[in-house]
Amino acid sequence: MTARATATIPLSVTHSYTDPATGQITTLTFDEFIPEHVVRARVRAMAKYLAPLLAAHPDETVVVPVLAGGSQIMDAILREAEALVAGIAPRIAPVKVRSYEGTAAGKLCVDQDVPAGTFAGKTVFVFDEVVDRGHTMRYLLNDRIKPEHPKAIIVVTLVRKLAAHEVDVQTDVVGFDTPPDFLLGWGMDWHQRGRWQPWIGRLRDDKQAIYTVPKFPNKNTIKNVK
């Protein structure tokens, strides 16, 4: 018997949001951009790469999820890493930073922080679901973490939108490089909708878009991490 190939139908999802101030309803449709199996395979690869680094000095390691989406990426990677390497027990130090509503880019509000001295002398892993304009990550690194003189900093993000960067910002372990398009899923949301979607969707339009899978850096180039 000859197997018959079947075409995979791309997924899509439609969400609506009602503005509480005006009552205006906005509806957006997102089409599958990065399939679930591709995302999960990449998360496993990221975990395999990071596991020995996370386990190397557990008492000197701090993991910083950037809430809320960064915590989802952190959980997924640490779950896979723990299954690969024993002894992963970092201190979790979540932070929550957002842009002020109605202000220019780069104006940030810190809703949740950690005690002073948390990062001093530590190897710090920062987890975020997406790095786009770069202001939040630059603030965390330059204004919050680096002044405490950590041993090393490793920035981990599932999605990096290089064309959207407005500032130079460090990114080390990256899942996917994508265009600066509106994405949904795996921590990326629209008014809290779609955050837990298992595939990454892209706002529907008539344009073609591609993503790429960057190489991980040589571990020897990550300063002072052994």
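Because the structure is a prediction, the values reported are computed rather than measured.

Let us look at the overall build of the protein. The helix and strand tally for the protein stands at 3 helices and 11 strands. The order of α-helices and β-strands along the protein, N terminus first, is β-β-α-β-α-β-β-β-β-α-β-β-β-β. Dimensions of the protein, computed from C-alpha atoms along their principal axes, come out at roughly 60 × 50 × 25 Å. Expressed as a percentage of the 226 residues in the protein, the buried residues total 45%. As presented, the protein carries roughly 12,100 Å² of accessible surface, and 51% of it is formed by carbon and sulfur atoms. One way to put it: in the protein the 27 positive side-chain charges average out to a point 4 Å from where the 25 negative ones average out.

What follows concerns the pattern of salt bridges. A complete count under the given rule lists 9 salt bridges for this structure. A salt bridge links aspartate 177 to arginine 160, with the nearest nitrogen and oxygen atoms 2.6 Å apart. Taken together, the residues span a long stretch of sequence, with aspartate 177 in strand β9 (residues 173-177) and arginine 160 in strand β8 (residues 152-160) at a distance of 17 residues. Across the pair, arginine 160 and aspartate 177 agree in class, each one buried. A single salt-bridge network, built from bridges that share partners, covers Asp113, Arg144 and Glu148.

Our focus in this paragraph is the layout of surface pockets. In this structure, the second largest pocket spans a volume of roughly 280 Å³. Forming the boundary of the second largest pocket are 13 residues, of which Arg40, Gln72, Ala76, Arg79 and Trp186 lie nearest the centre. Broken down by secondary-structure element, the contributors of at least two residues to the lining of the second largest pocket are α1 (36-56) and α2 (69-84). The element contributing the most residues to the lining of the second largest pocket is α2, with 5 residues. A breakdown of the residues in the lining of the second largest pocket according to their chemical character gives 5 nonpolar, 2 polar and 6 charged.

Looking now at the sheet that holds β8. Spatial ordering of the open sheet is given by β4-β3-β7-β8-β9, a layout of 5 strands whose pairing is parallel. Each having just a single partner strand, β4 (91-92) and β9 make up the two edges of the open sheet. Inspection of the sheet shows strand β7 (residues 123-131) paired to β8 by 8 bridges, in the parallel sense. Looking at β8, one finds that threonine 123 is bridged to alanine 152. The strands touched by α2 within the sheet are β3 (61-65), β4, β7 and β8, with β7 carrying the most contacts at an inclination of about 120°. Docked against the sheet, helix α3 (residues 135-145) engages β7 and β8, running at close to 160° with respect to β7.

Each pair of packed helices can be summarised by the angle the axes make with each other and by the distance between the axes. Interhelical geometry of α1 versus α2 gives an angle of 65° and a closest axis separation of 8 Å. Crossing hand, α1 versus α2: right-handed. Across the interface between the two elements, Val43, Arg44, Met46, Ala47, Lys48, Leu50, Ala51 and Leu54 of α1 pack against Ala76, Ile77, Leu78, Glu80, Ala81 and Leu84 of α2. Grouping the amino acids of the contact of α1 with α2 by side-chain chemistry returns 11 nonpolar, no polar and 3 charged.

How each quantity is defined
Residues numbered from 1 in each chain as written. Predicted model: local features only at pLDDT ≥ 70, side-chain atom pairs only at ≥ 80, totals over all residues. Heavy atoms only, no water. Helix = DSSP H or I, 4+ residues; strand = E, 2+ residues; numbered from the N terminus. Buried < 20%, exposed > 50% of the residue type's maximum accessible area, 1.4 Å probe, protein only. Areas by Shrake-Rupley, 256 points an atom, 1.4 Å probe, with all protein chains shown as cover. Lys, Arg positive; Asp, Glu negative; His and termini not counted. Charge placed at Lys NZ, Arg CZ, Asp CG, Glu CD. Salt bridge = Lys/Arg side-chain N within 4 Å of Asp/Glu carboxyl O. 1 Å grid on protein atoms, 1.4 Å probe; cavity = no way out; pocket = protein on both sides within 12 Å on 5 of 7 lines; lining within 4 Å. Points joined across faces, edges and corners; volume = space filled by probe spheres on them. Nonpolar A, V, L, I, M, F, W, Y, C, P; charged D, E, K, R; others polar. Pairing = 2+ DSSP bridges. Contact = heavy atoms within 4.5 Å. Axes fitted to C-alpha atoms, helices over the stretch in contact; angles between N-to-C directions. Left-handed = near helix turned anticlockwise from the far one by under 90°.

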